[in-house]
Protein chains: 2
Amino acid sequence: MSRAPFEYRTVDLTDEEFAADQAVYGRLTEALRRLNEVSLRTTVGHDLVAAVTEEVEAITARLEVEMIPANFGVVVTNNGRVRGYGNTVVGMRNPLAPPLSIVQDRVKGGASSEFFLNALYEGPPGKVHGGVLALVLDQIFGEAAAAGGTPGMTGTLTLRYRKPTALGACSAAAWVDSTAGIKTIVKGELRDAEGEVTVEAEGLFILPKWAREQIAASGETPPQYE
Amino acid sequence: MSRAPFEYRTVDLTDEEFAADQAVYGRLTEALRRLNEVSLRTTVGHDLVAAVTEEVEAITARLEVEMIPANFGVVVTNNGRVRGYGNTVVGMRNPLAPPLSIVQDRVKGGASSEFFLNALYEGPPGKVHGGVLALVLDQIFGEAAAAGGTPGMTGTLTLRYRKPTALGACSAAAWVDSTAGIKTIVKGELRDAEGEVTVEAEGLFILPKWAREQIAASGETPPQYE
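Reading the values: rules and limits
- Residues numbered from 1 in each chain as written.
- Chains lettered and ligands numbered in written order.
- Predicted model: local features only at pLDDT ≥ 70, side-chain atom pairs only at ≥ 80, totals over all residues.
- Heavy atoms only, no water.
- Contact = heavy atoms within 4.5 Å.
- Buried area = accessible area lost by both parts, 1.4 Å probe.
- Salt bridge = Lys/Arg side-chain N within 4 Å of Asp/Glu carboxyl O.
- Helix = DSSP H or I, 4+ residues; strand = E, 2+ residues; numbered from the N terminus.
- Nonpolar A, V, L, I, M, F, W, Y, C, P; charged D, E, K, R; others polar.
- Pairing = 2+ DSSP bridges.
- Phe/Tyr/Trp six-rings, centres within 6.5 Å; stacked < 30°, edge-to-face > 60°.
- Buried < 20%, exposed > 50% of the residue type's maximum accessible area, 1.4 Å probe, protein only.
- Lys NZ or Arg CZ within 6 Å of the ring centre and 35° of its normal.

Peer 1: I'd like a description of the interface of chain A and chain B, backed by residues and values.
Peer 2: Listed per partner, the contact involves 86 residues of chain A and 86 residues of chain B. Approximately 8,200 Å² of surface area, both sides summed, lies buried where chain A meets chain B, with 64% of it carried by carbon and sulfur atoms. Counting across the interface, chain A meets chain B through six salt bridges. Of the charged contacts in the structure, one is a salt bridge between Glu57 of chain B and Arg27 of chain A, with a shortest N-O distance of 2.7 Å. For the side of chain A that touches chain B, the secondary-structure elements that each account for two or more residues are helix H1 (15-41), helix H2 (46-63), helix H3 (130-147) and strand E6 (153-161) of chain A. Here the side of chain A that touches chain B takes 16 residues from H1 of chain A, the largest share from any one element. Grouping the amino acids of the side of chain A that touches chain B by side-chain chemistry returns 47 nonpolar, 24 polar and 15 charged. Of the strand pairs in this sheet, E6 of chain A and strand E6 (residues 153-161) of chain B are connected by five bridges, and their pairing is antiparallel. When the sheet's bridge partners are listed, Arg160 of chain A is paired in E6 of chain B with Thr156 of chain B.

Peer 1: Explain the pattern of salt bridges to me, using residue names and the numbers behind them.
Peer 2: Tallied over the full model, the rule gives 20 salt bridges over all chains. Members of the salt-bridge network, linked through shared partners, are Arg34, Glu37 and Arg41 of chain A together with Glu64 of chain B.

Peer 1: Summarise the packing of aromatic side chains; cite the residues concerned and give the values.
Peer 2: Summed over all chains, the structure comprises four aromatic pairs over all chains. Relative to Phe205 of chain A, the ring of Phe141 of chain A has its centre 6.5 Å away and its plane inclined at 45°; by these criteria the two rings are tilted. Of this pair, Phe141 of chain A sits in helix H3 while Phe205 of chain A is found in strand E9 (residues 197-206), placing the two residues 64 residues apart along the sequence. Considered together, Phe141 of chain A and Phe205 of chain A belong to a single accessibility category, that of buried residues. A ring pair is formed by Phe18 of chain B and Tyr85 of chain B, whose centres lie 6.1 Å apart and whose planes are at 35°; its orientation type is tilted. With Phe18 of chain B in helix H1 (residues 15-41) and Tyr85 of chain B in the loop between strand E3 (81-83) and strand E4 (102-105), this residue pair connects regions lying 67 residues apart in the sequence. Residue Phe18 of chain B is classed as buried on the basis of its relative accessible area of 9%. Residue placement shows Arg93 of chain A over the ring face of Tyr25 of chain A; its charged tip is 3.6 Å from the ring centre.

Quick look at the structure:
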């Protein structure tokens, strides 16, 4: 039976299975995050870099003997809570994710996060890439909409860059500004290590028809990442 | 002498040095990109994952004995052309970069790219993270502004998500819509593998005062990534 190259499956894990995954895959992913950063900053000689490259290729060969077909494609649920293993911003198994730990406020309808963006997230020298700031804000905004009870996908996103954001510690907060049916307006801002606002943003989040139909057909509640 | 944690240096390379860097570091970075993806998709047993994690940590230890202090912080120039080694979207030495190869049109003032976004760039199951689309568009828009002769940093960026973008092959194009002094308006769009427009965007790019002063003081021309 052929499988779609990018598929969507749900896996339920017990608390024990989830903890075991986190211990094993979490450590591998953390090790890769550090190796990614060190590979960018290292100034060791070409011979050592070449030798290490062959080791990396050998490790890859051992891991790729058994893989899911294309994307992570699995929504991992643990006691009814969705865990974003693959998500590029928060995914526990995604080495590209800084990762962000996002706190949802389900009372007021908002989300916030404190995080560190290292050399891997650089655009202008010493500064965070403007698009990376859009990336983290999009994720936090989506979680703010979900926390407000109206999850959705990004319809529009407007970013105002007030000043460059230095690499290093950052924080961001987002809150539901208003809702109307399937539409939610979220506002928020990002601050640098000094606490100065460097980016202001506004987003419109919509639960599209295809998603509402898919949710209705599956009987599942929409993903709310934790 | 203490060094700033995130510093900005320029290194000039001969063609031969640049080619040697590309051969050695380029292969390491490609190997890490593949390992990152495989680490996310592998379904091998926990014992193998744990063993491999120790090997990754050992490799990191060998590379981190000599490093630049914090960020890549180096603008690499080759015959007067800037090479973005560290940039998170196009950086030859950045394992997080897909990487994008962006073609600048200096006659019409625009930029375009065809690229592939794999499982590492996932948001909703099977779909590219909306923030990743913002990230790649921000980079392409910046290069379009530079190609139009008016480089700048992102002032505002507005994204309209028309439909979800499936993981896989994508393309994007951006063009200078208008310019006024230090301000440039860029418009563009992103298409999925079927050629359908999934995101439309508009950006205002500004060469800020601090950057103009820095450029005037250094006698350097503003970075135009290639």
